[in-house]
Amino acid sequence: MPPLPDALLPLVPTGPAGSTDESSRGAHRRSPPARPSRHLADLDPAERRSAVVALGEPAYRADQLSRHYFARLCADPGQMSDIPAAGREALARHFLPTLLTVVREASCDDGATVKTLWRGAGGALVESVLMGYADRATACVSSQAGCGMGCPFCATGQGGLTRNLSAAEIVEQVVAAARVAAQGRLSGAPPRLSNIVFMGMGEPLANYRAVLSAIRTLTSPQPHGLGLAQRSLTLSTVGLVPAMRRLAGEGLSVTLAVSLHAPDDELRDTLVPVNRRWPVREVLAAAWRYAGVTGRRVSIEYALIRDVNDQPERASALGRLLRGRLAHVNLIPLNPTPGSVWTASRPGRQREFVARLRALGVPTTVRDTRGREIGGACGQLAGAELPGIGPATPRS
Ligand code: SAH
Ligand code: SF4
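Residues numbered from 1 in each chain as written. Chains lettered and ligands numbered in written order. Predicted model: local features only at pLDDT ≥ 70, side-chain atom pairs only at ≥ 80, totals over all residues.

Draft legend 1. Inspection of the site of ligand 2 at higher detail. Around ligand 2 sit twelve residues in total, of which Cys147, Met149, Cys151, Cys154 and Gly157 are the nearest. Across the shell around ligand 2, the residue classes tally to six nonpolar, five polar and one charged. (Near = placed C-beta within 6 Å. Nonpolar A, V, L, I, M, F, W, Y, C, P; charged D, E, K, R; others polar.)

Draft legend 2. Spotlight on the nonpolar core. Core analysis: the biggest nonpolar cluster contains 110 residues, and Leu130, Val171, Val174, Ala177, Ala181, Leu218 and Ala287 have the highest contact counts within it. Sorting elements by how many residues they give to this core places helix α6 (residues 167-182) first, with eleven residues. Built from parts of two domains, this core gets at least three residues from each of domain 1 (40-95) and domain 2 (99-374). For Leu218, the residues in contact, after removing those within four places along its chain, are Val171, Val174, Ile196, Gly225, Leu226, Leu228 and Leu233. (Core = buried A, V, L, I, M, F, W, Y, C linked by C-beta atoms within 7 Å. Buried ≥ 20, exposed ≤ 12 C-beta atoms within 10 Å, placed from the backbone. Helix = DSSP H or I, 4+ residues; strand = E, 2+ residues; numbered from the N terminus. Domains from an automatic or database assignment. Contact = placed C-beta atoms within 7 Å.)

Draft legend 3. Representation of the sheet that holds strand β7 (residues 195-198). Taken in spatial order, the ten strands of this open sheet run β1-β2-β3-β4-β7-β8-β9-β10-β11-β12, and their pairing is mixed. Of all the strands in the sheet, just β1 (101-108) and β12 (364-366) have a single pairing partner and so form its edges. The average undirected angle you get between the axes of adjacent strands in this sheet is 20 degrees. Relative to strand β9 (residues 255-259), strand β8 (residues 233-237) runs parallel, the two sharing four bridges. Looking at the pairing, Ser236 lines up with Ala257 of β9. (Pairing = 2+ DSSP bridges. Axes fitted to C-alpha atoms, helices over the stretch in contact; angles between N-to-C directions.)

Draft legend 4. The arrangement of the pairing of β8 in detail. β8 sits mainly inside the fold: five of its five residues count as buried. Residues Leu233, Leu235 and Thr237 point to one face of β8 and Thr234 and Ser236 to the other, with burial holding for every one of them. Pairing of β7 with β8 involves three bridges; the strand directions are parallel. Within the sheet, the bridge partner assigned to Phe198 lies in β8 and is Leu235. Following the chain from β7 across helix α7 (residues 208-219) to the adjacent parallel β8, one finds a crossover that is right-handed. The parallel pair β8 and β9, bridged by helix α8 (residues 241-248), forms a crossover whose chirality is right-handed. (Right-handed = clockwise from strand over helix to strand, strands pointing away.)

Draft legend 5. Molecular detail of the packing of helix α11 (residues 312-322) against helix α12 (residues 347-359). The N-to-C vectors of α11 and α12 enclose an angle of 30 degrees; their axes lie 8 Å apart at closest approach. By the angle between their axes, α11 is roughly parallel relative to α12. Considering only the axes of α11 and α12, their crossing is right-handed. Counted together, Pro312, Ala315, Ser316, Leu318 and Gly319 of α11 and Glu352, Phe353, Arg356 and Leu357 of α12 form the full contact between these two elements. The residue inventory of the contact of α11 with α12, partitioned by class, reads five nonpolar, two polar and two charged. (Parallel < 35°, antiparallel > 145°, perpendicular 65-115°, else oblique. Left-handed = near helix turned anticlockwise from the far one by under 90°.)

Draft legend 6. Layout of the packing of helix α2 (residues 45-54) against helix α3 (residues 60-71). Between α2 and α3, the shortest axis-to-axis distance is 7 Å and the interhelical angle comes to 120 degrees. Classified by the angle between their axes, α2 and α3 sit oblique to one another. The two elements α2 and α3 meet at a crossing, and its hand is right-handed. When α2 is examined against α3, the residues Pro45, Arg48, Arg49 and Val52 are found in contact with a partner set consisting of Arg61, Ala62 and Ser66. Here the contact of α2 with α3 is composed, by residue class, of three nonpolar, one polar and three charged.

Draft legend 7. Region of the structure containing the pairing of strand β3 (residues 125-132). Across the eight residues that make up β3, a large majority, eight, are buried. With burial as the criterion, each face of β3 is covered, one bearing Leu125, Glu127, Val129 and Met131 and the other bearing Val126, Ser128, Leu130 and Gly132. Across seven bridges, strand β2 (residues 113-119) lies against β3 in antiparallel orientation. Looking at the pairing, Trp118 lines up with Val126 of β3. Between β2 and β3, which pair antiparallel one after the other, the connecting turn spans five residues, and Gly122 there sits at a positive phi close to 75 degrees. The pairing of β3 with strand β4 (residues 137-140) spans four bridges and is antiparallel.

So this is what it looks like as structure tokens:
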């Protein structure tokens, strides 16, 4: 069984762009553009070359810029000594604009978890979390600012969708995480970022083009991309069936995680509103198709909510749905969101749930609960609520 697609997700109820006092003031004062600027990481290698030529520079400058950004993790023209000084500033301005600025950064788990709250164009707030383990460093990234899917147990779902992120805004979260790891700032973890989970804010398949473009860039060999292994990327979806089918046809081998949370439509309709459009049967059919095409085991995500979806009968019903499939279950103890009456299952119930699934031969793991004390755990990354976090650490 593969290790857990590590953990958590940060979900920030930002509400409409700039819904916190701080960001709406900032948005008003500076009137930032509502759309992110174009960036090197929005373009494929051929587009980068033509864009560089259009600026009057030789095409190979595109590869030089890519090497600085993706291999050296550097966006500072002052450090690009292989590019003539006269052209550097203009190239950096056109291809490496600042997309996200740090609002706050927090760490916990003795420095093995680092969460960053970012502000993007239009004041949109997004979060990412970096988690260090003995054998790997994993970044949990956002694909949208907010989310329009409205799952009632999820903090992001409560705030609604602010906007889609651009491909480069997604990549930039990863590059920033790779820098933190490379600088040795992630305790006890290797200095090379190796795993990415699309489990932050947003529904990745609702921002399909940008997410696919980001995946291709993250997994392209250096210098054109970050050179991450496709298999070490996990895309988590609420179950947008047409997009899941499309993803199966992309020729990728990223890991798919499906947020099921209930084996029956009656309950899933209430926990995952989009289930009314694409019910359990269709979501699982799309998941098995993905598994069939890619040969990749699908991860079934199931947040255990006390007395809501944690009954032993539901464990058995889930096990019967998954038995014999290329799947494993990742149980997530519910991370209660502010104001919600729901909470995590009692330990005995959780044990029974695991036992029933395993008895049916379904590989089952319980996700760790990294980042809870800094609001960095599943469903709860409320930027405005970070307790006593100091000023952001400047980034290179
Ligand atoms: N939108 C995508 C990916 C982001 S959410 C999706 O829903 O799959 C990533 C995971 O965190 C999902 O499995 C989601 O259901 C889960 N999650 C959201 N809020 C949570 C909470 N409060 N406690 C535990 N898990 C939560
Ligand atoms: Fe969106 Fe996922 Fe949260 Fe549902 S659980 S509201 S799909 S981020």
